[in-house]
Every structure is written in C-alpha cells, then in structure tokens.
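Spelled out from the first residue to the last, the chains are:
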Amino acid sequence: GPAISDLEKALTRNPDNYNAMFGLGVMFQEFGDNVRAEQAFTRVLDLHPHHENATKALERLKAQGIGRTL
C-alpha cells in the first residue's frame, strides 16, 4: 500500500534510515512475511545496534524459529 511505498522512497533517498527500515519490518511482520521482517530488523540493528524495539522484534521472531541457524 501507500505506506510501504513511502517507506521504500525514504530508503531509496537514505538507505541508512533505520526508522524507515524498522517501519518496513513491522509492516512485513503484519503481512506475515516474517523472513523479510527478520531481514529488516537485522538491518536496523546493523545501523543502530541499540535500537530497543528492533531487538525485541527480532527476539520474538527468533522465538518463532525465524532467523535461527542450525
């Protein structure tokens, strides 16, 4: 929808916009695309290692088995 389009535009202009990346991760998670959500939250933490909400979101996904390695 329009919100995802706006976030993608913001990230095109500034790929290091961790708040836009976090918003994109939240939307992916809402749509059930947990793999892409995990990728977005991981990118947020690459940019801002102390982003509390991204840390919590990633922990929730890992508890569901997303992003774990064997």
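Note that the structure is a prediction, hence the values are computed from the model and not measured.

**Q** When you look at the packing of aromatic side chains in this model, what are you seeing that I'm missing?
**A** Centre-to-centre distance and the angle between the planes together describe a pair of aromatic rings. For the structure shown, the criterion picks out one aromatic pair. Ring centres of F22 and F41 lie 5.5 Å apart, and the angle between their planes is 45°; this geometry places the pair in the tilted category. Of the two residues, F22 is situated in helix α2 (residues 18-30) and F41 in helix α3 (residues 34-47); the sequence distance between them amounts to 19 residues. On the accessibility criterion, F41 (0% relative accessible area) is buried.

**Q** It is not clear to me how the nonpolar core should be interpreted in this structure. Could you clarify?
**A** Looking at soluble globular proteins, one finds that nonpolar side chains tend to be buried together. Among the nonpolar cores identified, the biggest contains 18 residues, and L24 and F41 are the most heavily contacted of them. Listing elements by their share of this core, those giving two or more residues are α1 (2-13), α2, α3 and α4 (52-63). Residues within four places of L24 in sequence aside, it is in contact with I4, L7 and L11.

**Q** What's the story with the pattern of salt bridges in this structure? I'm lost.
**A** Opposite charge on two side chains allows them to pair when their charged atoms are near. Per the counting criterion, the structure on display carries three salt bridges. In this structure, the salt-bridge partner of D16 is R43, at a minimum N-O distance of 3.0 Å. Pair noted here: D16 is in the loop between α1 and α2 and R43 is in helix α3, with a separation of 27 residues, a long-range link. On the basis of relative accessible area, R43 is assigned to the partly exposed category, the value being 29%. Here K56 and E52 are joined by a salt bridge, their closest N and O atoms 2.9 Å apart.

**Q** Mind showing me how you'd approach the packing of α1 against α2 here?
**A** How two helices pack is summed up by the angle between their axes together with the distance between the axes. Contact pair α1 / α2: the axes reach a minimum separation of 9 Å and the direction vectors enclose 150°. By the angle between their axes, α1 is roughly antiparallel relative to α2. Of the two elements, α1 crosses α2, and the hand of that crossing is left-handed. For the pair α1 and α2, contact is made by A3, I4, L7, A10 and L11 and by A20, M21, G23, L24 and M27, respectively. Of the residues that constitute the contact of α1 with α2, the class distribution is nine nonpolar, one polar and no charged.

About the criteria used
Residues numbered from 1 in each chain as written. Predicted model: local features only at pLDDT ≥ 70, side-chain atom pairs only at ≥ 80, totals over all residues. Heavy atoms only, no water. Phe/Tyr/Trp six-rings, centres within 6.5 Å; stacked < 30°, edge-to-face > 60°. Helix = DSSP H or I, 4+ residues; strand = E, 2+ residues; numbered from the N terminus. Buried < 20%, exposed > 50% of the residue type's maximum accessible area, 1.4 Å probe, protein only. Core = buried A, V, L, I, M, F, W, Y, C linked by side-chain atoms within 4.5 Å. Contact = heavy atoms within 4.5 Å. Salt bridge = Lys/Arg side-chain N within 4 Å of Asp/Glu carboxyl O. Axes fitted to C-alpha atoms, helices over the stretch in contact; angles between N-to-C directions. Parallel < 35°, antiparallel > 145°, perpendicular 65-115°, else oblique. Left-handed = near helix turned anticlockwise from the far one by under 90°. Nonpolar A, V, L, I, M, F, W, Y, C, P; charged D, E, K, R; others polar.

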